[in-house]
Amino acid sequence: MFGYIIVNKAEMKFKEFDVYHSYYCGICRDLKRKYGALGQISLSYDMTFLAILLTGLYEPQTRRGSCKCIAHPFESHETRNNIFTEYAADMNVLFACYKCRDDWEDEKKIGKLVLGKLLEGKTGRLKLAYAEKIRRLNLLMQDFSDAEQSAKADIDTLGGLFGRVMAEIVAAREDEWAEGLRQLGFFLGKFIYLCDAYEDVEQDIRKGTPNPLKQKYENLDFEEECKTILMMMMSECCREFERLPILENVEILRNILYSGVWCRYEAVREKRQKEMGRSADGMAGNSENES
């Protein structure tokens, strides 16, 4: 379900992208140290946003280093590590376990079942460190899974449940900033869920898998309705972000929230419009041939 919380690289300065990538590499190193190669497989750019957000808010001591990896064996890359890259790595693995379980239940993907079991076998310390958070997340994910299987569940209900999941992940501490972070995470989660449903709606119609946008897909205002809701969600998310006293790497975070999160959505929308245009041209051509 992730893959949306990314930068718009075209609108970034080279130096800013290097900083962004150093946090990504830092999370990768934490994943390898704590969970081995399996942990690295689960790495997502989405959690880089989380690490930079929390670092900017709490300003922890951050270690800078460099490393080479399988993906880049001939070139060293800068890394940044702190307590929040480690937290992002933990949440990355936890969410990967949920995703594997969801893929197995929805589509019976045996590879996801195996990967999920292997990852869960490495999360013993994680369950001890975040016992209460994981308890809340498990309850929310169960509610989400149950609602997803219900024919009556609408986009607002499901988006709200996933928003509450993201709220728990973004709020790393129970302190004065927890409520603001939860609100940011809530609206970001709703945005992610709607984007994912929007991207998968045609595939889910073909496969018969759950998607609350199926009933709206044939409506003439489908595209505009989806975009309007997405804009509302990100507007609320950005409002909560701007209330946080973040100075460090704030332009990177703004790039993600104001531009990057829209990149995949715009790519999906453009592809769909082109395919619909080709389909319409084909139908027009057939009509001319018949006449």
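Preceding this paragraph is the structure being described.
These notes cover the structure that comes with them.

Basis of the calculations
Residues numbered from 1 in each chain as written. Predicted model: local features only at pLDDT ≥ 70, side-chain atom pairs only at ≥ 80, totals over all residues. Heavy atoms only, no water. Patch = residues over 30% accessible without salt bridge, like charges linked within 9 Å, V, L, I, M, F, W, Y side chains within 5 Å. Areas by Shrake-Rupley, 256 points an atom, 1.4 Å probe, with all protein chains shown as cover. Salt bridge = Lys/Arg side-chain N within 4 Å of Asp/Glu carboxyl O. Helix = DSSP H or I, 4+ residues; strand = E, 2+ residues; numbered from the N terminus. Buried < 20%, exposed > 50% of the residue type's maximum accessible area, 1.4 Å probe, protein only. Phe/Tyr/Trp six-rings, centres within 6.5 Å; stacked < 30°, edge-to-face > 60°. Lys NZ or Arg CZ within 6 Å of the ring centre and 35° of its normal. Expected span 1.5 Å × (residues − 1). Bend = angle between axes of the 7 residues up to and from the residue. Pairing = 2+ DSSP bridges. Contact = heavy atoms within 4.5 Å. Axes fitted to C-alpha atoms, helices over the stretch in contact; angles between N-to-C directions. Parallel < 35°, antiparallel > 145°, perpendicular 65-115°, else oblique. Left-handed = near helix turned anticlockwise from the far one by under 90°. Nonpolar A, V, L, I, M, F, W, Y, C, P; charged D, E, K, R; others polar. 1 Å grid on protein atoms, 1.4 Å probe; cavity = no way out; pocket = protein on both sides within 12 Å on 5 of 7 lines; lining within 4 Å. Points joined across faces, edges and corners; volume = space filled by probe spheres on them.

### As for a nonpolar patch on the surface
Point 1. A grouping of Ile110, Val114 and Leu118 is seen on the molecular surface, where their side chains present a nonpolar patch of about 270 Å² in accessible area.
Point 2. Mapped onto the elements of the fold, isoleucine 110 is located in helix H4 (residues 110-120).
Point 3. Accessibility expressed as a relative area gives 55% for isoleucine 110, which makes it exposed.

### Examining the packing of aromatic side chains
Point 1. Across all of its chains, the model carries 15 aromatic pairs by this definition.
Point 2. On the basis of an interplanar angle of 25° and a centroid distance of 5.3 Å, the ring pair of tyrosine 58 and phenylalanine 84 is categorised as stacked. In this pair, tyrosine 58 sits in helix H2 (residues 46-58) while phenylalanine 84 sits in helix H3 (residues 83-107), placing the two residues 26 residues apart along the sequence. When sorted by exposure, tyrosine 58 lands in the same class as phenylalanine 84, which is buried.
Point 3. A ring pair is formed by tyrosine 217 and phenylalanine 222, whose centres lie 5.3 Å apart and whose planes are at 80°; its orientation type is edge-to-face. You'll find tyrosine 217 and phenylalanine 222 in the same group, each marked buried.
Point 4. The ring centre of phenylalanine 17 lies 4.3 Å from the NZ or CZ of lysine 9, which sits over that ring.
Point 5. One residue, arginine 272, lies across the ring of tyrosine 198, its end atom 4.5 Å from the ring centre.

### Some remarks on helix H1 (residues 14-41)
Point 1. In this model H1 runs just 26 Å from its N-terminal to its C-terminal C-alpha over 28 residues, more than 12% under the 40 Å that 1.5 Å per residue would give.
Point 2. The largest bend along H1 measures about 140° and falls at tyrosine 35.

### Structural notes on the pairing of strand S2 (residues 77-81)
Point 1. Of all the 5 residues making up S2, 4 are buried; the element is thus mostly covered by neighbouring parts of the structure.
Point 2. In terms of strand pairing, strand S1 (residues 63-67) meets S2 through 5 bridges, oriented antiparallel. Of the residues in S2, the one forming a bridge with serine 66 is glutamate 78.

### With respect to the environment of isoleucine 246
Point 1. Tracing the sequence through the fold places isoleucine 246 in the loop between helix H9 (222-242) and helix H10 (250-258).
Point 2. With sequence-adjacent residues up to four places away left out, isoleucine 246 is seen in contact with Leu53, Gly56, Leu57, Phe241 and Leu253.

### Digging into the packing of H2 against H10
Point 1. Here H2 crosses H10 at 140°, and the two axes come no closer than 10 Å. Comparing the axis directions of H2 and H10 gives the class oblique. The element H2 and its partner H10 pack so that their crossing is left-handed. Residues Phe49, Ile52 and Leu53 of H2 form the contact with H10, whose own contacting residues are Ile252, Leu253, Ile256 and Leu257.
Point 2. Residue composition of the contact of H2 with H10, grouped by class: 7 nonpolar, no polar and no charged.

### Quick look at the environment of alanine 153
Point 1. For alanine 153, the location among the structural elements is in the loop between helix H6 (131-148) and helix H7 (155-170).
Point 2. Here the alpha-carbon distance between alanine 153 and proline 212, two residues 59 residues apart in the chain, equals 6.8 Å.
Point 3. With residues up to four places along the chain from it excluded, the contact list for alanine 153 reads Ala147, Leu158 and Pro212.

### Topic: empty space enclosed by the protein
Point 1. Going through the model one piece at a time under the given rule, you end up with 1 cavity of 30 Å³ or more.
Point 2. Estimates place the volume of the largest cavity at around 50 Å³.
Point 3. For the largest cavity, the lining is made up of 10 residues, of which Ile5, Asp46, Met47, Leu50 and Met166 are closest to its centre.
Point 4. Where the lining of the largest cavity is concerned, the elements lending two or more residues are H2 and H7.
Point 5. Top element by residues in the lining of the largest cavity is H2. It accounts for 4 residues.
Point 6. Split by residue class, the lining of the largest cavity holds 9 nonpolar, no polar and 1 charged.

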